[in-house]
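Notes for the structure review
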Amino acid sequence: DARVTQTPRDKVTEMGQEVTMRCQPILGHNTVFWYRQTMMQGLELLAYFRNRAPLDDSGMPKDRFSAEMPDATLATLKIQPSEPRDSAVYFCASGRPDGTSAEAFFGQGTRLTVV
Amino acid sequence: AQSVTQLDSQVPVFEEAPVELRCNYSSSVSVYLFWYVQYPNQGLQLLLKYLSGSTLVKGINGFEAEFNKSQTSFHLRKPSVHISDTAEYFCAVRGGSGGSYIPTFGRGTSLIVHP
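Since we're looking at a predicted model, the values are computed, not measured. (Residues numbered from 1 in each chain as written. Chains lettered and ligands numbered in written order. Predicted model: local features only at pLDDT ≥ 70, side-chain atom pairs only at ≥ 80, totals over all residues. Heavy atoms only, no water.)

For the rest of this paragraph, the subject is the environment of B:Gly62. Residue and element names in this part refer to chain B. Within the secondary structure, glycine 62 sits in the loop between strand 7 (56–58) and strand 8 (64–68). Spatially, the C-alpha atom of glycine 62 lies 9.4 Å from that of leucine 47, the residues being 15 residues apart in sequence. Glycine 62 has contacts with Arg77, Lys78 and Pro79, leaving out every residue within four places of it along the chain. (Helix = DSSP H or I, 4+ residues; strand = E, 2+ residues; numbered from the N terminus. Contact = heavy atoms within 4.5 Å.)

Residue and element names in this part refer to chain A. Across the sheet, which stays open at both edges, the four strands sit in the order 1-3-8-7 with antiparallel pairing between neighbours. At either end of the open sheet lies a strand with only one pairing partner, and these are strand 1 (5–7) and strand 7 (65–71). Adjacent strand axes in the sheet meet at a mean angle of 20° when their direction is disregarded. The sheet contact formed by strand 3 (residues 19–24) and strand 8 (residues 74–79) spans five bridges and is antiparallel. Residue pairing across strands places methionine 21 opposite leucine 77, the latter belonging to strand 8. (Pairing = 2+ DSSP bridges. Axes fitted to C-alpha atoms, helices over the stretch in contact; angles between N-to-C directions.)

Residue and element names in this part refer to chain B. Of all eight residues that make up strand 5 (residues 31–38), eight are buried, and the element is covered over most of its length. In strand 5, alternate side chains face the same way, and those of Val31, Leu33, Trp35 and Val37 on one face and Tyr32, Phe34, Tyr36 and Gln38 on the other are all buried. With eight bridges joining them, strand 5 and strand 10 (residues 87–95) adopt antiparallel strand pairing. Residue pairing across strands places phenylalanine 34 opposite alanine 92, the latter belonging to strand 10. Counted along the chain from strand 5 to the antiparallel partner strand 6 (residues 44–50), the turn is five residues long, and its residue asparagine 41 has a positive phi close to 60°. (Buried < 20%, exposed > 50% of the residue type's maximum accessible area, 1.4 Å probe, protein only.)

This part takes up empty space enclosed by the protein. Throughout the structure, instances matching the rule amount to one cavity of 30 Å³ or more. In this structure, the largest cavity spans a volume of roughly 40 Å³. Within the lining of the largest cavity, the residues separate by chemical class into six nonpolar, two polar and three charged. (1 Å grid on protein atoms, 1.4 Å probe; cavity = no way out; pocket = protein on both sides within 12 Å on 5 of 7 lines; lining within 4 Å. Points joined across faces, edges and corners; volume = space filled by probe spheres on them. Nonpolar A, V, L, I, M, F, W, Y, C, P; charged D, E, K, R; others polar.)

Ranked by size, the top nonpolar core spans 27 residues in total, and within it B:Trp35, B:Leu48, B:Phe74, B:Leu76 and B:Tyr89 carry the most contacts. Broken down by secondary-structure element, the contributors of at least two residues to this core are strand 2 (10–14), strand 3 (19–21), strand 5, strand 6, strand 8, strand 9 (73–78), strand 10 and strand 12 (109–114) of chain B. With 22 residues, the next largest nonpolar core counts A:Ile26, A:Trp34, A:Phe65 and A:Tyr90 among its residues. (Core = buried A, V, L, I, M, F, W, Y, C linked by side-chain atoms within 4.5 Å.)

Before going further, it helps to examine the interface of chain B and chain A. Contacts between chain B and chain A engage 18 residues on the former and 25 residues on the latter. Of all residues in chain B, B:Tyr101, B:Ile102 and B:Arg107 bury the most surface against chain A, accounting for 33% of the area lost on that side. One salt bridge connects A:Glu103 with B:Lys49, and the closest N-O pair in it is separated by 2.8 Å. Scanning the region where chain B abuts chain A turns up 10 residue pairs in polar contact (both at pLDDT 80 or more). Breaking the side of chain B that touches chain A down by element, the ones donating at least two residues are strand 5, strand 6 and strand 10 of chain B. Looking at the side of chain B that touches chain A, the element that brings in the most residues is strand 5 of chain B, giving four residues. Each residue belonging to the side of chain B that touches chain A can be placed in one class, and the counts come to 11 nonpolar, four polar and three charged. (Buried area = accessible area lost by both parts, 1.4 Å probe. Salt bridge = Lys/Arg side-chain N within 4 Å of Asp/Glu carboxyl O. Polar contact = N/O pair within 3.5 Å; in protein donor to acceptor, adjacent residues only side chain to side chain.)

All names here are of chain A. Under the counting rule described, the total for this entry stands at 11 salt bridges over all chains. Across the pair glutamate 83 and arginine 64 runs a salt bridge whose closest N-O atoms are separated by 3.5 Å. With glutamate 83 in the loop between strand 8 and strand 9 (88–95) and arginine 64 in the loop between strand 6 (53–56) and strand 7, this residue pair connects regions lying 19 residues apart in the sequence. A salt bridge links glutamate 83 to arginine 85; the nearest nitrogen and oxygen atoms lie 2.5 Å apart. Here the salt bridges share partners, and the residues they tie into one network are Arg64, Glu83, Arg85 and Asp86.

Here it is in structure tokens:
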């Protein structure tokens, strides 16, 4: 059963520390999305990759956030330095939007708490 | 630009009663439409999708939705809900063939099923 895998599931860190979240997209999917979910803002798009190239990161705070795809099986989202307002659930999703399924497949999320 | 409005943030209903969760979208191009469900501490799971063809689409767990192009709506319905349907429901839109591949999500509707 193919699924998007995110690690870690939960992360508690102190303000100022670096946080790295990892995502393994479904094999064969050529797009990856990073979303942030909060009560106040709902689901916000942070970054979008297609064929490993970043195509849209306009929703991402550039001074502290960075997203990369070092290879087709790994996407990373880093926050450095982290702040309490970064506390949220971060979701990775993958898809083949030019295929017949069209939808995004979501991972279980990483719940980040910055204290 | 595309956007999604979920008109109700919370919908309380009694078990075995029918329910409708409303969704309106805005887009200047042809669209694909989706409904996702999110259970506590989990990722988003696809309920159903409209890509083309019949405007009435059926999904998992007895849910169905109807695409209405003239009213730009994609309301979700279920004739008889169960306690286990209590969850957060998200409507999403993305461009159809040739359009934007990035899904845009509504703020979500919390369905609360009472015994």
